[in-house]
Amino acid sequence: CDLPGEEAHRDIPDWLYEETKDGTDYTSTYGKGYSPNYTNEVLITEHANAIQALGNYFDQEERTAYVELGSLGHWGEWHVDTTAGIAKFPSEATAARYVEPYLQAFTAAKLMMRRPFSFVSQYGMGLYNDMTGDEDDTNEWLDWIANGGTYEEPVSPYTLTAVHALWDTAPIGGEFTSGISMHEILNTQLSRTLHLLDQSHMTFVGPKIPTKQEMAEDPIGTKQVLAKIGYRYGVSKMEVSRNPLTGRIKAEVTLQNIGTAPL
């Protein structure tokens, strides 16, 4: 609903703006844009219609594996810049009305949230970390998983629920941070990157990933990162025996996961 840019603009459709007109045009350190009033009943209804349309297209035949919930805040990242004159992030009760359409529209995909809000434990969701590669921010995110906490930004604080070892039952995603160069992520601080991926048990990284040129400039780091994320199951041992009387063959196979994510 709101992607800051260099030019003044609005990301919701013109017809929807005409029906609501109660958001905020802003200029902030993020850029310029328009933050809708997320409590507006028309916006809530039309958002639900839009998510259902996405689900009708993408959820058929179980084609979609993961859906990272966005919708609210700048870039759909569940935060707003109140210093730009924007109203505070909506209450948890209002946010629930933006979560529910995803539950209805995507029944086969695994749903994921940016922080361990109550919806994560309530609906068995996964999580995603959009600061992958940043040590301080990732450690804070891991602390939320282990110990919970409080999200103070909204009009009324949200409780972050501890979901210890969530990766054993749900996927972990997220993208590389924009605050650190890709050369640092893939080269000069590669060991740190790999350690953070290990700690996070990441199933995938995206949408922000290295460009083709960045991968070509740091091929070793790229290869090691790709080998690290997700699950990597292989046969570590196999024993085959044949019963000489019956002719039956018995095979015992041992599988080992060398990836960071449980299957």
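Residues numbered from 1 in each chain as written. Predicted model: local features only at pLDDT ≥ 70, side-chain atom pairs only at ≥ 80, totals over all residues. Heavy atoms only, no water.

Caption draft 1: Fine view of the packing of aromatic side chains. Summed over all chains, the structure comprises 14 aromatic pairs. For the pair Tyr 66 and Phe 204, a centre-to-centre distance of 4.9 Å together with 25° between the ring planes defines the contact as stacked. Of this pair, Tyr 66 sits in strand E3 (residues 66-68) while Phe 204 sits in the loop between helix H7 (190-200) and helix H8 (212-217), and the two are 138 residues apart along the sequence. Accessibility expressed as a relative area gives 35% for Tyr 66, which makes it partly exposed. Members of the aromatic cluster, joined through ring pairs, are Trp 78, Phe 89, Phe 117, Tyr 151 and Tyr 158. Over the aromatic face of Tyr 17 sits the side chain of Arg 10, whose NZ or CZ is 3.8 Å from the ring centroid. (Phe/Tyr/Trp six-rings, centres within 6.5 Å; stacked < 30°, edge-to-face > 60°. Helix = DSSP H or I, 4+ residues; strand = E, 2+ residues; numbered from the N terminus. Buried < 20%, exposed > 50% of the residue type's maximum accessible area, 1.4 Å probe, protein only. Lys NZ or Arg CZ within 6 Å of the ring centre and 35° of its normal.)

Caption draft 2: Spotlight on the packing of H7 against helix H9 (residues 219-228). As a packed pair, H7 and H9 sit with axes 10 Å apart at the nearest point and diverge in direction by 10°. When the interaxial angle is binned, H7 and H9 end up roughly parallel. Residues Leu 190, Thr 193, Leu 194, Leu 197 and Asp 198 of H7 lie in contact with H9, whose contacting residues are Gly 221, Gln 224, Val 225 and Lys 228. Tallied by class, the residues present in the contact of H7 with H9 amount to 4 nonpolar, 3 polar and 2 charged. (Axes fitted to C-alpha atoms, helices over the stretch in contact; angles between N-to-C directions. Parallel < 35°, antiparallel > 145°, perpendicular 65-115°, else oblique. Contact = heavy atoms within 4.5 Å. Nonpolar A, V, L, I, M, F, W, Y, C, P; charged D, E, K, R; others polar.)

Caption draft 3: Layout of the pairing of strand E1 (residues 24-28). Where E1 and strand E2 (residues 31-35) come together, 5 bridges link them in antiparallel fashion. Bridging from a neighbouring strand, Tyr 26 pairs with Gly 33 of E2. Linking two consecutive strands that pair antiparallel, namely E1 and E2, is a turn of 2 residues. (Pairing = 2+ DSSP bridges.)

Caption draft 4: Spotlight on the side chain of Thr 138. Along the polypeptide, Thr 138 turns up in helix H5 (residues 135-147). Its relative accessible area of 1% is what places Thr 138 among the buried residues. In this structure the side chain of Thr 138 is engaged in a polar contact, spanning 2.7 Å, whose partner is the backbone oxygen of Asp 134. Setting aside chain neighbours within four positions, we find Thr 138 in contact with Asn 129, Met 131, Thr 132, Gly 133, Leu 196 and Ser 200. (Polar contact = N/O pair within 3.5 Å; in protein donor to acceptor, adjacent residues only side chain to side chain.)

Caption draft 5: Representation of the nonpolar core within the structure. One finds Trp 78, Phe 106, Met 113, Phe 117, Phe 119, Met 125 and Leu 127 to be the most contacted residues of the largest nonpolar core, which totals 57 residues. Ranked by the residues each element gives to this core, the list is headed by helix H3 (residues 92-105), at 6 residues. Once you skip the residues sitting within four places of it in the chain, Met 125 turns out to touch Leu 69, Val 99, Leu 103, Leu 111, Met 112, Met 113, Phe 119, Val 120, Leu 166 and Ala 170. (Core = buried A, V, L, I, M, F, W, Y, C linked by side-chain atoms within 4.5 Å.)

Caption draft 6: Local environment of the pattern of salt bridges. Considering all chains together, one arrives at 7 salt bridges under this definition. Asp 198 serves as the salt-bridge partner of Lys 228, at 3.3 Å between the closest nitrogen and oxygen. Here Asp 198 lies in helix H7 and Lys 228 lies in helix H9, a separation of 30 residues in the sequence. The exposure class of Asp 198 is partly exposed, given its relative accessible area of 30%. Lys 237 is the partner of Glu 239 in a salt bridge, and the nearest nitrogen-oxygen pair spans 3.4 Å. With a relative accessible area of 48%, Lys 237 lands in the partly exposed category. (Salt bridge = Lys/Arg side-chain N within 4 Å of Asp/Glu carboxyl O.)

Caption draft 7: A look at a nonpolar patch on the surface. A grouping of Tyr 231, Tyr 233, Val 235, Met 238, Val 240, Ile 249, Val 253, Leu 255 and Leu 263 is seen on the molecular surface, where their side chains present a nonpolar patch of about 970 Å² in accessible area. Mapped onto the nonpolar patch, the elements with two or more residues apiece are strand E9 (233-242) and strand E10 (249-257). For the nonpolar patch, the leading source of residues is E9, giving 4 residues. Inspection of the secondary structure puts Val 253 in strand E10. (Patch = residues over 30% accessible without salt bridge, like charges linked within 9 Å, V, L, I, M, F, W, Y side chains within 5 Å. Areas by Shrake-Rupley, 256 points an atom, 1.4 Å probe, with all protein chains shown as cover.)

Caption draft 8: Just unusual backbone geometry, in detail. The omega torsion of the bond from Gly 206 to Pro 207 falls at 10°, within 30 degrees of zero and hence cis. Mapped onto the elements, Pro 207 comes out in the loop between H7 and H8. Its identity as a non-glycine residue notwithstanding, Ser 71 has a phi of 75°, on the positive side. Among the secondary structure elements, Ser 71 is positioned in the loop between E3 and H3. With a relative accessible area of 11%, Ser 71 lands in the buried category. The backbone phi angle of Trp 78 is positive, close to 60°, even though this residue is not glycine.

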